[in-house]
Amino acid sequence: MKNTCSTNTRKTSSTKTALKAKLIKLGIDVHADSYRVVRQVDNATPQPAQKFTPAGFLAWAAKQLQLAEEVHSCYEAGPFGYSLHRQLLEMGVRNVVVRPQNWDELGRKVKTDKTDALALTQRLDRYVQGNRQALAVITVPTPEQEQARCWSRHRQQLQKDRQTHEAQGRSFLLYHGRRVSGQWWQPRAWEVLQPLLQPWQSRILESLRTLILLADQQLAQVESQVVGEAPSPAKGFGALTSQLLRCEVLDWHRFANRRQVASLTGMCPSVRASGHHRVQGSITKHGNPRIRRLLVELAWRVIRFQPNYPPVQKWQKQLANQSAGGGRKKAAVAIGRRLAIDLWRIETGRTTAAQLHLS
């Protein structure tokens, strides 16, 4: 009897092992209070979407690891950050975070949480099978990189708040018959302006001025936190701008070639080509918009302080034509794109600032 029971136990165990799936793929549509998840086991038809609470999903995902040799998952980048990604990786799930897009490729005008989760699962299936073009996987920052980037973006938000309060003050004055320009809230300008106002007008503007001065103080603190001891690669680049670019790029070493760097900026010209017909249009704006703004700002400073930089020399004719506003902007964008590539080359040790004629 003992031998028979032992044999039956081994058979049951081997049967369970044989039934274990090779791959389970999970497409996750993430929301603040619930997740919609579609599961596909091996090459079977994707199963109907299931709804979970965040805690319930993590418990369910842990069970999937017992049912398959590998569990893959994906969800779209968004306001929920990367905490779910890190939890899944720690658990043993092979998760990727992908670029958001419109998953209604056929234009059916049906977009729900269920259809999004299904589309993610179908794309993930192709991605796991080797089609790396099926999903636009983004680079997830390390906690240290994310912290540095948060300081950078916090600075940008403070700037927006200050600009908002400045504009509110100018609008208020214009509404009451006084047009001002520049920084009306600065001490000297305020000393001239305040006696011309009625007491109640002065009190309103004083409250806005207090908010602006507080934002200025906080900006100075945040900028010192962002910059730290980071060096500037060359004259005109600025330690702050250079560090802000590092925070947004995350890691210059993650790029294999200059095309990848240029693509991140979104400053490459769009193309429409068919047969022998080929037309280049405006820039794609496909990449990181913060990086694009920083590079354009940097380009104008390089034009002023680095006249021997080869791209500046190349576009000198357009830059010298003060009446051609569009041409000068086009030149600045082209120089900004080249700056991104050259910064990548400097940061990865492929060249030096001096070799690029940057003093």
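Structure shown above.
Source: prediction; values computed, not measured.

Caption draft 1: Here's a closer look at the pattern of salt bridges. Here the structure, examined in full by the defined rule, presents 14 salt bridges. Among the salt bridges present, the one from Asp-116 reaches Lys-111, with a minimum N-O distance of 2.6 Å. Given the relative accessible area of 6%, Asp-116 is considered buried. Using a relative accessible area of 52% as the deciding quantity, one classes Lys-111 as exposed. A salt bridge links Arg-345 to Asp-342; the nearest nitrogen and oxygen atoms lie 3.2 Å apart. Of this pair, Arg-345 and Asp-342 both sit in helix H13 (residues 325-347), three residues apart, which is roughly one turn of that helix. Given a relative accessible area of 1%, Asp-342 falls into the buried group. Each of Arg-162, Glu-166 and Asp-216 takes part in salt bridges that share partners, so that together they form one network.

Caption draft 2: Broad picture of the side chain of Asn-95. Relative to the helices and strands, Asn-95 resides in strand E5 (residues 94-98). Here the side chain of Asn-95 touches Ser-73 through a polar contact of 2.6 Å, side chain to side chain. Ignoring sequence-local partners within four residues, the contact set of Asn-95 consists of Ser-73, Cys-74, Tyr-75, His-85, Leu-88 and Leu-89.

Caption draft 3: Focus on the packing of aromatic side chains. The final tally for this structure, using the stated rule, is seven aromatic pairs. One aromatic cluster is present, built from ring pairs that chain together Tyr-35, Phe-52, Phe-57 and Trp-60. The lysine or arginine in question, Arg-132, covers the ring of Tyr-127, its NZ or CZ lying 4.3 Å from the ring centre.

Caption draft 4: Layout of the environment of Val-110. Among the structural elements, Val-110 can be located in the loop between E5 and helix H4 (113-128). The exposure class of Val-110 is partly exposed, given its relative accessible area of 48%. With residues up to four places along the chain from it excluded, the contact list for Val-110 reads Asp-104 and Thr-115.

Caption draft 5: Quick peek at the packing of helix H7 (residues 199-227) against helix H8 (residues 239-249). Running from amino to carboxyl end, H7 crosses H8 at an angle of 65°, the nearest separation of the two axes being 9 Å. In terms of orientation, H7 lies roughly perpendicular with respect to H8. Relative to H8, H7 is oriented so that their crossing is left-handed. On H8, the residues touching Glu-223, Val-226 and Val-227 of H7 are Ala-239, Leu-240, Gln-243 and Leu-244. A per-class count over the contact of H7 with H8 returns five nonpolar, one polar and one charged.

Caption draft 6: How the structure looks around helix H5 (residues 143-175). With 33 residues, H5 extends 47 Å from end C-alpha to end C-alpha; this agrees with the ideal 48 Å at 1.5 Å per step. Looking only at H5, the buried set comprises Glu-146, Arg-149, Ser-152, Arg-155, Gln-156, Leu-158, Arg-162, His-165, Glu-166, Gly-169, Phe-172 and Leu-173. Elements in contact with the buried residues of H5: helix H3 (83-91), helix H6 (187-193), H7, H8 and helix H10 (289-305). Where H5 ends, the next residue or the one after it, Gly-177, has phi of about 90°, a positive value.

Caption draft 7: Local environment of the pairing of strand E4 (residues 68-76). Across the nine residues of E4, seven count as buried, placing the element largely inside the fold. When strand E1 (residues 21-30) meets E4, the two strands line up parallel, connected through seven bridges. Looking across to E4, one finds that Lys-25 is bridged to His-72. Where E4 lies against E5, five bridges are found, and the strand directions are parallel. Its bridge partner being in E5, Glu-76 is matched across the sheet by Val-98. Between E4 and its parallel partner E5, the chain crosses via H3, and the hand of that crossover is right-handed.

Caption draft 8: Fine view of unusual backbone geometry. The phi angle at Leu-250 is positive, at roughly 80°, despite the residue not being glycine. If you trace the backbone, Leu-250 turns up in the loop between H8 and helix H9 (258-265). Residues other than glycine seldom take positive phi values, yet Lys-285 does so here, at roughly 55°. Following the sequence through the fold, Lys-285 ends up in the loop between strand E7 (277-283) and H10. With a relative accessible area of 57%, Lys-285 lands in the exposed category.

The rules behind the values
- Residues numbered from 1 in each chain as written.
- Predicted model: local features only at pLDDT ≥ 70, side-chain atom pairs only at ≥ 80, totals over all residues.
- Heavy atoms only, no water.
- Salt bridge = Lys/Arg side-chain N within 4 Å of Asp/Glu carboxyl O.
- Buried < 20%, exposed > 50% of the residue type's maximum accessible area, 1.4 Å probe, protein only.
- Helix = DSSP H or I, 4+ residues; strand = E, 2+ residues; numbered from the N terminus.
- Polar contact = N/O pair within 3.5 Å; in protein donor to acceptor, adjacent residues only side chain to side chain.
- Contact = heavy atoms within 4.5 Å.
- Phe/Tyr/Trp six-rings, centres within 6.5 Å; stacked < 30°, edge-to-face > 60°.
- Lys NZ or Arg CZ within 6 Å of the ring centre and 35° of its normal.
- Axes fitted to C-alpha atoms, helices over the stretch in contact; angles between N-to-C directions.
- Parallel < 35°, antiparallel > 145°, perpendicular 65-115°, else oblique.
- Left-handed = near helix turned anticlockwise from the far one by under 90°.
- Nonpolar A, V, L, I, M, F, W, Y, C, P; charged D, E, K, R; others polar.
- Expected span 1.5 Å × (residues − 1).
- Pairing = 2+ DSSP bridges.
- Right-handed = clockwise from strand over helix to strand, strands pointing away.

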